[in-house]
Amino acid sequence: MNREQLLKLISLGETSTVQMKERIDDAAKIGSELVAFSNSHGGRLIVGVNDKTGNVNSLNFEELQRTTQLLGNVASDHVVPPIIIDVETVDMGDGGVVVVTVKEGTNKPYHDNK
């Protein structure tokens, strides 16, 4: 996904298949989001965007590293059965935004480890 595609997606707001988070640090909450996408028709989680205003708040290098690591851990350790996610970083000039694509699951139902 390029910057223009991402900005278009953000401009359409949150839907059942697109969710936005400014930052993530709670594995349980993110696990629930991934489970919901897997159990429905899939979706995208965009990290680095305020979900109330749609304003981009890019992640710096350290935040990008930490976020992508957390997402990988959540998909494998906090979702049962584990799911495969596609994580990409979109350059916004002053940092990056993480876009996670979750496909509809084939081993439904999925649940978080709680």
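Each remark here, short or long, concerns the structure printed above.
Model, not experiment: these values are computed from the prediction.

Draft legend 1. Just the overall build of the protein, in detail. In terms of helices and strands, the protein carries 3 helices and 6 strands. Going residue by residue from the N terminus, the α and β elements of the protein occur as α-β-α-β-α-β-β-β-β. Over its C-alpha atoms the protein spans a radius of gyration of 13 Å, differing by no more than 12% from the 13 Å that the globule rule assigns to 114 residues. Principal axes of the C-alpha set define a box for the protein whose edges measure 40 × 30 × 20 Å. For the protein, with 114 residues in total, the buried portion stands at 40%.

Draft legend 2. Broad picture of the pattern of salt bridges. According to the stated counting rule, one finds 5 salt bridges in the structure shown. Ionic pairing is found between D51 and K52, a salt bridge with its closest N-O pair at 3.8 Å. Residue K52 is classed as exposed on the basis of its relative accessible area of 72%. Between K108 and E104 there is a salt bridge, and its shortest N-O distance comes to 2.6 Å. For K108, a relative accessible area of 39% translates into the label partly exposed. Exposure remark for E104: the relative accessible area of 38% places this residue in the partly exposed category.

Draft legend 3. Just unusual backbone geometry, in detail. Of the consecutive residues V80 and P81, the connecting peptide bond is found in the cis state with omega at -10°. Relative to the helices and strands, P81 is located in the loop between strand 3 (79-80) and strand 4 (85-91).

Draft legend 4. Structural detail: helix 2 (residues 27-39). Counted at 1.5 Å a residue, the expected span for helix 2 with its 13 residues is 18 Å, and the 18 Å between its end C-alpha atoms agrees. Every buried residue of helix 2 is listed here: A27, I30, G31, E33, L34, V35, F37 and S38. Where helix 2 is buried, its residues touch strand 1 (18-21), strand 2 (43-47), helix 3 (61-77), strand 3, strand 5 (96-102) and strand 6 (111-112). Two to three positions downstream of the cap, the backbone nitrogen of A28 sits 3.0 Å from a side-chain oxygen, assigning the N-cap of helix 2 to D26.

Quick notes on the rules
- Residues numbered from 1 in each chain as written.
- Predicted model: local features only at pLDDT ≥ 70, side-chain atom pairs only at ≥ 80, totals over all residues.
- Heavy atoms only, no water.
- Helix = DSSP H or I, 4+ residues; strand = E, 2+ residues; numbered from the N terminus.
- Rg over C-alpha atoms; globule rule 2.2 N^0.38 Å.
- Buried < 20%, exposed > 50% of the residue type's maximum accessible area, 1.4 Å probe, protein only.
- Salt bridge = Lys/Arg side-chain N within 4 Å of Asp/Glu carboxyl O.
- Expected span 1.5 Å × (residues − 1).
- Contact = heavy atoms within 4.5 Å.
- Polar contact = N/O pair within 3.5 Å; in protein donor to acceptor, adjacent residues only side chain to side chain.

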